[in-house]
Amino acid sequence: MTPESPRLDGPAVRTTGLTKQFGSQRAVDGIDLLVPRGAVYGFLGPNGSGKTTTIRMLLGLISPSAGEIEVLGSPIPGGAADALPRVGALVEGPAFHPYLSGRENLVRLDAADRTADPATARRRIDTALERVGLMPVAGKRFRAYSLGMRQRLAIAGALLTPKDLMVLDEPTNGLDPQGTREVRSLIASLAQEGSTVLVSSHLLSEVEQVCSHVGVMHAGHLVAQGTSAEVRNVAATEARVETDQPAEAARVLHELGLTDVVTTATGASGRVGRVAPEKVVAACVHAGLAVTRFTVDAPTLEDVFVSLTGEGFDVSG
Amino acid sequence: MSAADATTDPTRSAAPPVVRRISARFFVSELRLVFRRRRNLAGLLVLASVPVLIAVAVRSTGSGGNEGPDFFGSITQNGLFVALSALTIEITLFLPLAVAVVAGDAVAGEANTGTLRYLLAVPVSRLRLLLVKYAALVVFAFVATFVVSLTGIAIGLALFGGGDVTLLSGTQVGFGAGLLRVVLASLYVGCAMASLAAVGLFVSTLTEQPIGATISVVVFSTASFILDAIPQVSWLHPFLIVHHWAAFGDLFRDPIAWDGVQRGLFVAAAYVVIFLAAAWSRFAAKDVTS
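As the structure is a computational prediction, the values presented were derived from the model and not from experiment.

Remarks on the interface of chain B and chain A
At the interface, 46 residues of chain B touch 57 residues of chain A. Put simply, A:Arg108 and B:Glu110 hold a salt bridge, and the shortest N to O gap is 2.7 Å. For the pair chain B and chain A, the interface holds 20 residue pairs in polar contact (both at pLDDT 80 or more). Secondary structure elements with two or more residues in the side of chain B that touches chain A: helix 1 (25-35), helix 4 (94-113), helix 5 (115-121) and helix 6 (126-160) of chain B. When its residues are assigned to classes, the side of chain B that touches chain A shows 19 nonpolar, ten polar and 17 charged.

Structure follows, in structure tokens:
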């Protein structure tokens, strides 16, 4: 319908200054999201940090108070009709008609999609059900589904037609460990097929292994964004030397250029910064220290996450 | 930041063109949703039970009496009048209630179950969603009306027989012409119910609670009936959605008094236009947070 076709080479998702104000509260405050094509983008943040609001804006469900959105090269909400058929979405948990069967619910979703070919509907629905392992219960009413089955059905609903971008909001909510693993491998296989995947979560462990990129939300702000490695480096790697001469060790670390050197009863530690960790050991040994133990704590994404968003159970906002 | 190192698969670079088909699939899906829902079927059953109740009651006492509504007295002469008696009775509450239940559910029900966000993300444009929802409501409005009249005709003919029809003005027309007038009356009532459905669709865009929307619509139609019965606000009467609803009785005069029916259709059309526009203006830019 639009004269110019959407650009296919740009990022899958780009927002500039995206803001959503609900009354006096800024749920999302000027975020510049950048999801490169082909990335598996882990969209992290505590509950209430604005992840779901952002995702709803990406899908045109709520309109931004300010800022711009581009999904698969089309502006949202204006170009939603061009972009969204190629976007599969799981938003804030599964939602289906309780008195229809799983299959009937998928039929309804497919019927609503004007880009879907009715001639292949049956085959596509079967494939989607197969893919999430719901075939045996496809004829059961949705209300009889367990939470895990519901989640799978929602994922199946997003897979009815080929997608360039999958937006998965908390896809492992309510899933058992096995289901969580399946979702993870599903994400990996989607990425392998060339889809871009934007997966939001407040649980890091479940996305850390599959994400190529990470964005961290906190209280409506995007506090970090980049490749997983880049974001991990936001928090510093710490080297710890255990020896019977803590003061001497601290001096060596300091001379090497480590920062925030701390002396403890059993040794010394410091942030390695640009210093290669292996050099630390060499230097200590060279200085004649009896090193009983040497550890390098590269931060996990969780450390980064906690350092960016704070600890505890408080919800943001 | 790092767009360059994103892996891009060259086979994906040419996305398949988005084809938008003209298709009735979503509409058919909507009809299935409405007509396969047990609650709605139960509602239709209740609607159908009224003409049966009337026919059996009149049959067992042997007379409709002269104190009942217009058509009651004629039931024993011709079974077609069971249908008209049933419409007369049900038009005040049961038919509006049935329409209110389904119309209130239209958008609010989808919002309540959360399916609205998934439909919009498919994507279904909001205008298309409203139009498909309303089209299905119109179908339901007519089906509900014809459930009443067809059941009435069937039970009436079975218990009282057919034959020539004596109109309210005393003249007689053949059975075929009489049947045609019953069908016309049903179509007219169907239009009236379709106009109420437009009100219901609008209310349904205001809330995520389908029950609340339903109650509002019933309150709206009932309040209209009450106002219509208060002579002191007679200036308001021509604007009330229900004012001309009973005009289907005029179809059983000779010659047919089209005046009331025409005005009724005009008022119905005005309500449809106004409330669909209101629903659209309300829903077009609404934040869907359900």
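Thoughts on the nonpolar core
Grouped together as the largest cluster of nonpolar side chains are 159 residues, with contacts concentrated most on A:Leu33, A:Val71, A:Leu165, B:Met193 and B:Phe248. With 14 residues, the top contributor of residues to this core is helix 7 (residues 175-204) of chain B. For B:Phe248, the residues in contact, after removing those within four places along its chain, are B:Phe71, B:Leu84, B:Leu87, B:Thr88, B:Ile91, B:Ala185, B:Tyr188 and B:Val189. Judged by nonpolar contacts, the second largest core, of 13 residues, contains A:Ala250, A:Val272, A:Cys284 and A:Leu289.

Looking at the sheet that holds strand 14 (residues 267-271) of chain A
Residue and element names in this part refer to chain A. Strand order in the open sheet formed by four strands is 13-14-12-15, with antiparallel pairing between adjacent strands. The open sheet has two edge strands, strand 13 (259-264) and strand 15 (291-297), and neither has a second partner. Put simply, the sheet's adjacent strands are angled 15° from each other on average, direction ignored. Direction of pairing for strand 12 (residues 238-243) relative to strand 14: antiparallel, over a ladder of five bridges. From the neighbouring strand, Glu238 faces strand 14, where its bridge partner is Arg271. Running at roughly 165° to strand 15, helix 10 (residues 277-286) makes contact with strand 12 and strand 15 of the sheet.

Rules behind the numbers
- Residues numbered from 1 in each chain as written.
- Chains lettered and ligands numbered in written order.
- Predicted model: local features only at pLDDT ≥ 70, side-chain atom pairs only at ≥ 80, totals over all residues.
- Heavy atoms only, no water.
- Contact = heavy atoms within 4.5 Å.
- Salt bridge = Lys/Arg side-chain N within 4 Å of Asp/Glu carboxyl O.
- Polar contact = N/O pair within 3.5 Å; in protein donor to acceptor, adjacent residues only side chain to side chain.
- Helix = DSSP H or I, 4+ residues; strand = E, 2+ residues; numbered from the N terminus.
- Nonpolar A, V, L, I, M, F, W, Y, C, P; charged D, E, K, R; others polar.
- Core = buried A, V, L, I, M, F, W, Y, C linked by side-chain atoms within 4.5 Å.
- Buried < 20%, exposed > 50% of the residue type's maximum accessible area, 1.4 Å probe, protein only.
- Pairing = 2+ DSSP bridges.
- Axes fitted to C-alpha atoms, helices over the stretch in contact; angles between N-to-C directions.

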